[in-house]
Amino acid sequence: MKQKLVFLVLLLFAVSTFSIADDFSDAMLKAKKNLKSAMDKSDEKALIKVRGEFERILQLKKDVWIVYYYLAYTDYSIAATYMEGQVKDKIKKYTESGFDMINKSIEINPDFCDSYVLKMNLNFNRWLYEQDKMNDIIAASTEAEEAAKKLDADNPRFHLTLGVSSYYTPDMFGGGVDKALESLNKSNDLFKTRKEKEEYYPDWGRDMVNGFLAMCYIKRDKDGDKEKAKEHIDKGLEINPESGLLKVYVQKLYDEKYKK
Amino acid sequence: MKIFTSLVLILFAIGTSYAQTKDSTEIKPVKISGFVKGEKSKPIEGANLVIQGTIDGGTTDSTGYFEFETEKTGKRNLIITAIDFSEKKEPIEISAGKDLKINISLMKTVYVTDEIIVTASSFTSGENSKVTLTPLEIMRIPGADADLYRAITTFPGSNQVDEGSRIAVRGGEPSEVLTILDQASLYNPFIFDGDNNTSSYSTVNPWGLKGINFSSGGFPAKFGNVLSAVLDLQTYDIPKTKGMFAILGLANAGLSGVWVNKAGDFGGTFTAGQTFLKPFLLINHSDAEYSPEPTATSLGGTLSYKITKTGFLKFYADYNSDNIGIKSLSPTYDGFFTGKSKNFFTNLALSVAPTSVSLLNLSVSSSLNNRKFGFGNMNGNNDNTYAKVRGDFSLPLTGTIDFGTGAEYEYSRYKSDGTYPMYFYNLALNAPVFSYNADKNTGRFGAYAETRIRATDFLYFIAGVRGDYHTLSQNFNADPRFSAVLKISKHSFIKGATGIYNQYPTLSDYIMSFNNSLKPQQAIQYILGYEYNRDNDFILRIESYYKDYSNLVSQSEYGFLYGSDGKGFARGADVFFKVRLKPKFNGWISYSYTDSKRRQTATSPLQSANYDITHNLSVVGTYNLTDYITFGMTYHVSTGKPYTPISGSIFDSAQSAYIPMMEPFNSGRFPTYTRVDVNAQYIFSFFGKFAVAFLALNNILDNKNLYSYTYNADYSEKIAVRSNNNRIIYFGIGFQL
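Predicted model only: the values in this text are computed from it and were never measured.

### Looking at the overall build of chain B
Stage number 1. Within chain B one finds six helices and 45 strands.
Stage number 2. Expressed as lengths along the three principal axes of its C-alpha atoms, the size of chain B is roughly 120 × 60 × 50 Å.
Stage number 3. Each of the 737 residues in chain B was classed as buried or not, and the buried ones make up 51%.
Stage number 4. Nonlocal contacts in chain B, meaning residues at least 24 apart in sequence, comprise 60% of its contacts between residues at least 6 apart.
Stage number 5. If you sum the accessible surface of chain B, you get close to 32600 Å²; carbon and sulfur atoms cover 60% of it.
Stage number 6. Put simply, chain B has 68 plus and 65 minus side-chain charges, and the middle of one group is 5 Å from the middle of the other.

Next comes the structure, spelled out in C-alpha cells:
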C-alpha cells in the first residue's frame with residue numbers, strides 16, 4: 001500500500017515536472033526562433049522584445065543557466081546592431097549587461113563551452129568603448145579562450161570566433177586573412193558533424209562561418225578566391241536564406257569587388 | 001486500499017476543481033497596457049513586464065509603451081525589470097473582461113559599493129569600471145617615467161620629493177605615506193632613495209597590479225599607523241596568460257614573464273631589471289660627476305596557486321639593490337657622496353571564502369633593508385627589519401550592511417652603526433667624529449572593525465574604529481573614523497570624512513628620546529568635497545581639508561633629545577578636472593592650494609612645514625594620433641619648497657671651520673619650480689610580435705630647478721645645487737618574446 005502511495009505521488013510529481021519542462025522547452029524554442037529572426041533582420045526593437053521573452057521564461061524556471069546564456073547572447077546581438085553607427089554608450093550598456101548575464105550563467109553551470117565563447121565575443125566589444133583597458137581586455141579574452149578550449153576544443157563556434165578575431169586583427173599584430181581562414185575552415189568542418197545536445201541549445205554560426213569565409217576570400221582575392229567566395233555565399237544562404245550578414249553585407253562586398 | 005482509493009478521488013477532485021476554476025476565471029483575455037518611465041518621466045525602452053509566476057508579459061517600445069494579454073485574473077504581482085534600473089514589483093488586480101491601464105516609474109540602479117565613490121580623497125584603479133588611473137595611463141604620462149608614484153604626483157594633493165618617487169601629501173612629510181601591497185607594508189619600494197641630489201625611482205611594476213587605490217586622506221580604519229595617505233596595491237591572483245616581454249632603454253634593460261599551467265590553477269610571474277646610466281649620461285651631457293656610476297639591479301616574482309574555486313595562495317618576493325657615488329659640495333668637504341642599499345621583501349598571502357559571501361585574507365610578510373652611505377667624515381650602516389602577520393575578514397550582515405574586521409602584529413628593528421661628525425658643521429675627513437652604535441626593536445598590535453552601510457540608494461557611509469598598542473613606548477591609541485557619500489544626482493556626489501589618525505615615530509626617533517617616551521603622532525582629519533563624474537570621461541572634483549597635528553616629534557630646546565611637543569596644521573583645497581574624449585584624447589588638470597605649518601620645539605612659533613608648497617599645478621594631456629602613435633605633454637608648476645637660509649657665520653678657531661648662523665626655520669623659499677615634459681609612443685610589429693618604441697624629453701625648456709643650496713667655506717656665498725634633471729632625452733623599445 002505504502003509503495004503504491006509513494007508511486008502515485010512520484011507519478012504526479014513527474015507529470016507536473018514534465019508539464020513545466022514542456023512549457024519551458026516550448027517557450028525556449030519559440031524565443032530562440034524569434035531571436036534568430038530578429039538577428040537576421042538586425043532589428044534592434046525585435047531583439048529587445050525577444051530579450052523580454054527570455055526574461056519571462058525565468059518565471060517558469062528560476063535560475064536556469066541556459067536562459068541567462070540567451071539573455072547574454074541577446075544583449076550581445078543588440079549591442080551588435082549599434083556597431084555600424086558606433087553608438088558607444090549603447091554598445092557599452094548591452095555589452096556590460098551581457099557580461100552580467102553570462103557570469104550568472106557560468107556561476108550556475110561553469111562547464112558550458114559556449115558561455116566562454118560568448119564571453120570572448122563580449123570582450124571584443126570592449127575595444128570599442130574602453131581601449132584604455134587594453135591589458136585587461138587581452139587578459140579577460142585570453143582567460144575565456146583558454147576556458148572554452150579546455151571544455152570543448154571542437155566547438156565550431158569557438159573556432160569561428162577565433163577566425164572572426166583574426167579577420168579584424170591586423171597582420172602586424174598576429175591576425176590577418178590567412179590565419180582567419182585556418183580557423184574558419186576548421187569551424188566549417190566541425191559544423192558538418194556537430195549536433196547539439198538539446199534543441200534549444202545554441203546552434204548559431206553555420207551561415208555566419210560561410211559569410212566570413214566569403215569575406216576572407218574577397219579580401220585576399222587570389223586566383224580562384226572569387227569562386228570560393230561565391231560558393232560560400234551560396235552555401236550560407238542555403239543554410240539560412242534570411243541571413244542579414246550574407247544578404248546585405250557579404251553580398252554587397254562581393255558585388256563591389258567583382259561586378260563593376 | 002481504502003486510503004489509496006480516497007487519495008485518487010481527492011486528487012481527481014482537486015484536478016477537476018482546478019480545471020473548473022481555470023475555465024471560470026480565464027474565459028476572456030484581459031489587455032494590460034501602459035507606460036514605463038524613468039527619471040524625469042523619460043520613457044524606458046526595453047523594460048520587461050511579467051505577471052509573477054507566469055510567462056504572460058510584454059516589453060516596452062521606444063515611447064515606453066507596453067501591452068499584453070493575459071487570461072489570469074485576481075490579485076497578482078507585476079514584475080518590471082530594465083537594464084540599469086532597479087527591479088519593481090507592482091501589485092495589480094485583474095478583473096475578467098476589464099482591460100487594465102497602468103503607468104510605472106522605475107528608479108535607476110545605484111552602484112555605491114565601489115571604493116571610488118564611497119571614499120573621499122581617493123583615486124582608484126583596477127578591474128572595476130570606476131577607474132581613474134590605469135596602468136596604460138601611468139606608462140603614458142610624460143615625465144612620470146612609467147613610475148606609479150611619479151604618476152600619482154600629477155594628481156592633486158601630492159608632491160614629488162626632490163623630483164623622485166617619494167610622495168609628500170597635503171603638506172605632510174613623505175614618511176606619513178604608507179604603501180600596502182596585498183596586506184603587507186612595503187616600506188622601501190625605491191632605489192637611489194635618500195641619496196644626495198639624486199632622484200629615487202620606485203620598484204613597483206604597475207602592470208602586475210589588478211588594483212591601485214591612492215587615498216590622500218580620510219581612509220578607513222583598516223589602515224593603521226599612518227598619518228596622511230595610503231597607497232593600497234593589489235597584485236593579480238593568478239596569471240591569465242603566458243608570455244615574456246623585454247625592455248631595452250637608454251638607461252636600463254628589463255625582462256618580465258608570466259606563466260600559467262593548463263588547468264589555470266597554478267602560475268607565476270617574474271621581473272628582472274638592470275639600470276646602467278653610462279649611455280644615458282653620455283648622450284645627455286650631465287653636469288654631475290659620478291664615482292661609481294649609478295647602477296641598480298632588481299629581481300622579483302610571484303607564485304600563485306588556486307586552492308579552491310575562490311581561494312588563492314600567493315607568494316611574492318622582490319629583491320633590489322643600488323650603488324651610486326655623486327660629487328657633492330659642502331663648506332668643509334668636496335667629494336663623492338656614496339650610497340649603497342639592498343632590499344628584500346617577501347609576502348605569503350592566503351585568500352579564502354569561508355562561505356559564499358564572506359572573505360578571509362591572511363598574510364605573513366617580511367622586509368629587510370640595508371643601507372650604507374658616506375660623505376666626508378660621516379659613514380653610516382643602517383639595517384631595518386620588518387615582519388608582519390595580518391588577517392582581514394569581511395561579510396555582508398544584511399543586503400545593505402557589510403562588516404569587516406581584522407588584526408595585525410608588526411615587528412620592527414632598527415640597527416645602526418657608523419661615525420658621525422662631532423661638530424655638525426665640520427665634515428672634513430680629518431675632523432673629529434664620534435662612533436654611533438644603536439639597536440632597538442618594537443612590536444605593534446593593531447585591530448579594527450568597520451561597517452559599510454547603504455542607508456538609502458543615495459546615502460552610503462563607513463564607520464569604523466581601530467586600536468593600536470606599541471610595545472616599546474607602551475602607548476595605546478584608539479582611532480574612530482567616519483566617511484559618507486551623498487549622491488545628489490545621476491553623476492554627482494558630496495563626500496565627507498573625518499577621523500583620528502595615529503602614527504608611531506620611527507625607531508631612530510625613539511633612540512633619540514628619553515626612556516622611549518615619545519607618544520604616537522596624531523592628525524585629526526576633516527574632509528569635505530564635491531565630485532561630478534560622468535563615466536570617468538568627465539570628472540570634476542573639488543575637495544577641502546584640514547589636518548590638526550599634535551604630538552609630532554620635536555627637538556629639545558637646549559639638549560639633543562627628542563620629545564612629542566610638535567604640533568601644527570595643514571589645510572587647503574584640491575581641484576581635479578579630467579576629460580577623456582575617446583578614443584583620441586585623455587587629459588587632466590590638477591591644482592592644490594596648501595598651507596602647512598608646524599612647531600619644531602615646545603616653545604617655537606608655527607613655521608612653514610618642509611612641504612608647505614602653496615600652489616601646485618599639473619596639466620597632463622595625451623593624444624592618440626592613430627591607433628599606434630601617441631603623444632603626451634605634462635606641464636608642472638609649483639611654489640618653491642621652504643628651506644632654512646644661513647645669514648652668516650662665526651669662525652671656530654679650534655676646528656678651523658665656520659659655524660653657520662641659521663635664520664628662522666624654513667623662512668626661505670626656493671624659486672618657483674617649472675617643468676615641461678613630452679613623450680611619444682609607437683606600437684608596431686617586430687618580427688611578427690607586439691612591440692612598442694618610446695621617446696621621452698623631460699624638462700624640455702631646460703628650466704633651472706633647484707634641489708638645495710650649499711655654501712662656500714665661510715658661508716658668504718650661496719651656491720645653488722641644481723636638479724640633475726636638465727633637459728634630458730630617453731628612448732627605448734619594449735617587445736614581446
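### Focus: unusual backbone geometry
All names here are of chain B.
Stage number 1. In this chain, Ser291 is followed by Pro292 through a cis amide linkage whose omega measures 0°.
Stage number 2. Tracing the chain through its elements places Pro292 in the loop between helix 5 (278–284) and strand 20 (295–306).
Stage number 3. Despite not being glycine, Asp182 shows a phi value in the positive range, around 50°.
Stage number 4. Locating Asp182 in the fold gives a position in the loop between strand 11 (177–181) and strand 12 (184–186).

### Considering the environment of Arg722 of chain B
Residue and element names in this part refer to chain B.
Stage number 1. Tracing the chain through its elements places Arg722 in strand 44 (residues 718–722).
Stage number 2. According to the relative accessible area criterion, Arg722 is partly exposed, its value standing at 24%.
Stage number 3. Separated by 14 residues in the primary sequence, Arg722 and Ser708 have C-alpha atoms spaced 7.3 Å apart.
Stage number 4. Other than its neighbours up to four places away in sequence, Arg722 contacts Asp702, Asn703, Lys704, Asn705, Leu706 and Tyr707.
Stage number 5. Within the structure, Arg722 has its side chain in polar contact with the backbone oxygen of Asn703 (distance 3.5 Å).
Stage number 6. Here Asn726 takes part through its side chain, which lies 2.9 Å from a polar atom of the side chain of Arg722.

### Describing a nonpolar patch on the surface
All names here are of chain B.
Stage number 1. Together, Trp259, Phe266, Leu303, Tyr305, Ile307, Leu313, Phe315, Leu348, Val364 and Val389 line one region of the surface with nonpolar side chains, adding up to about 840 Å² of accessible area.
Stage number 2. Where the nonpolar patch is concerned, the elements lending two or more residues are strand 20 and strand 21 (312–328).
Stage number 3. Looking at the secondary structure, you find Phe266 in strand 19 (residues 266–276).

### Regarding the domain arrangement of chain B
Stage number 1. Domains assigned within chain B are domain 1 (25–105) and domain 2 (115–238 + 252–295 + 306–322 + 333–736).
Stage number 2. Computed from C-alpha atoms alone, the centre-to-centre distance between domain 1 of chain B and domain 2 of chain B is 56 Å.

### A few points about the packing of aromatic side chains
Stage number 1. Considering all chains together, one arrives at 44 aromatic pairs over all chains under this definition.
Stage number 2. Taking 5.6 Å as the distance between ring centres and 80° as the angle between the ring planes, the aromatic pair formed by Tyr420 of chain B and Tyr436 of chain B counts as edge-to-face. With Tyr420 of chain B in strand 25 (residues 401–421) and Tyr436 of chain B in strand 26 (residues 433–454), the pair connects residues that are 16 residues apart, well separated along the chain.
Stage number 3. Taking relative accessible area as the criterion, Tyr420 of chain B reaches 17% and is therefore assigned buried.
Stage number 4. On the numbers, 5.3 Å between centres and 50° between planes, the contact of Phe670 of chain B with Tyr709 of chain B is tilted. Of the two residues, Phe670 of chain B sits in the loop between strand 40 (668–669) and strand 41 (673–686) while Tyr709 of chain B sits in strand 43 (residues 706–711), which places them 39 residues apart along the sequence.
Stage number 5. Here Phe670 of chain B falls in the buried class, since its relative accessible area comes to 8%.
Stage number 6. Here the aromatic cluster, defined as three or more aromatic residues joined through ring pairs, consists of Phe24, Phe54, Trp65, Tyr69, Tyr70, Tyr73, Phe112, Tyr200, Tyr201 and Trp204 of chain A.
Stage number 7. Positioned over the ring face of Tyr201 of chain B is Arg150 of chain B, at 4.0 Å from the centre of the ring.
Stage number 8. The positively charged end of Lys718 of chain B is found above the aromatic ring belonging to Tyr709 of chain B, 4.2 Å away from the centroid.

### Looking at the domain arrangement of chain A
Residues and elements named next belong to chain A.
Stage number 1. Each assigned domain of chain A is listed here: domain 1 (13–136) and domain 2 (154–260).
Stage number 2. In this complex, domain 1 contributes 19 residues to the contact, which on the side of domain 2 involves 17 residues.
Stage number 3. Summed over both sides, the interface between domain 1 and domain 2 buries roughly 1600 Å², with carbon and sulfur atoms accounting for 64% of that surface.
Stage number 4. Looking at the side of domain 1 facing domain 2, the largest losses of area belong to Lys32, Asp40 and Asp114, adding up to 28% of the total buried there.
Stage number 5. For the pair domain 1 and domain 2, the number of links is two salt bridges.
Stage number 6. As a salt-bridge pair, Asp203 and Lys32 come within 3.2 Å of each other at their nearest N and O atoms.
Stage number 7. If you list the elements that add at least two residues to the side of domain 1 that touches domain 2, you get helix 1 (2–41), helix 3 (65–81) and helix 5 (113–129).

### A closer look at the environment of Phe375 of chain B
Residues and elements named next belong to chain B.
Stage number 1. Here Phe375 is to be found in strand 23 (residues 359–375).
Stage number 2. With 53 residues separating them along the chain, Phe375 and Ala428 place their C-alpha atoms 9.1 Å apart.
Stage number 3. Sequence-distant contacts of Phe375, that is, excluding residues within four places in its chain, are made with Ser328, Ser330, Tyr333, Gly335, Phe336, Phe337 and Leu427.

### As for a positive patch on the surface
Stage number 1. Together, Lys149 and Lys186 of chain A together with Lys242 and Lys262 of chain B give the surface a local cluster of positive charge.
Stage number 2. Within the secondary structure layout, Lys186 of chain A lies in helix 8 (residues 177–193).

Quick notes on the rules
Here the residue numbers are simple positions, counted from 1 along each chain's written sequence. Chains and ligands are labelled sequentially in the order written, the chains with letters from A and the ligands with numbers from 1. Residues qualify for local features only when their pLDDT is at least 70, as the model is predicted, and side-chain atom pairs are given and counted only at 80 or more; totals for whole chains, interfaces and linings, by contrast, use all residues. In computing side-chain values, all of the structure's heavy atoms are included and hydrogens and water are not. Only runs of H or I of at least four residues qualify as helices and only runs of E of at least two qualify as strands under DSSP, and these elements are numbered from the N terminus. Working definition: with a 1.4 Å probe on protein chains only, accessible area under 20% of the residue-type maximum means buried, over 50% means exposed, and in between means partly exposed. Contacts were defined at the residue level, with two residues in contact if any of their heavy atoms lie within 4.5 Å. Accessible surface area values rest on a Shrake-Rupley calculation with a 1.4 Å probe, where residue burial reflects the displayed protein chains alone. The charge count treats Lys and Arg as positive and Asp and Glu as negative. His and the chain ends do not count. Taken as the charge location is NZ of Lys, CZ of Arg, CG of Asp or CD of Glu. Pairs of N or O atoms within 3.5 Å make up the polar contacts considered here, provided that, within protein, one atom can donate a hydrogen while the other can accept it, and that residues adjacent in sequence are counted only when both atoms are side-chain atoms. Patch construction takes residues with relative accessible area above 30% that form no salt bridge. Like charges are linked within 9 Å, and nonpolar side chains (Val, Leu, Ile, Met, Phe, Trp, Tyr) are linked within 5 Å. One speaks of a salt bridge when a side-chain nitrogen belonging to Lys or Arg is within 4 Å of a carboxyl oxygen belonging to Asp or Glu. Domain start and stop positions are those given by an automatic or database domain assignment. Working definition: rings of Phe, Tyr and Trp (its six-membered ring) pair if their centres are within 6.5 Å, and the pair is stacked with planes under 30 degrees apart, edge-to-face with planes over 60 apart, and tilted otherwise. Charge over a ring is defined by NZ of Lys or CZ of Arg lying within 6 Å of the ring centre and within 35 degrees of the ring normal. By buried area we mean the combined loss of accessible area, with a 1.4 Å probe, across both parts when two parts are placed together.

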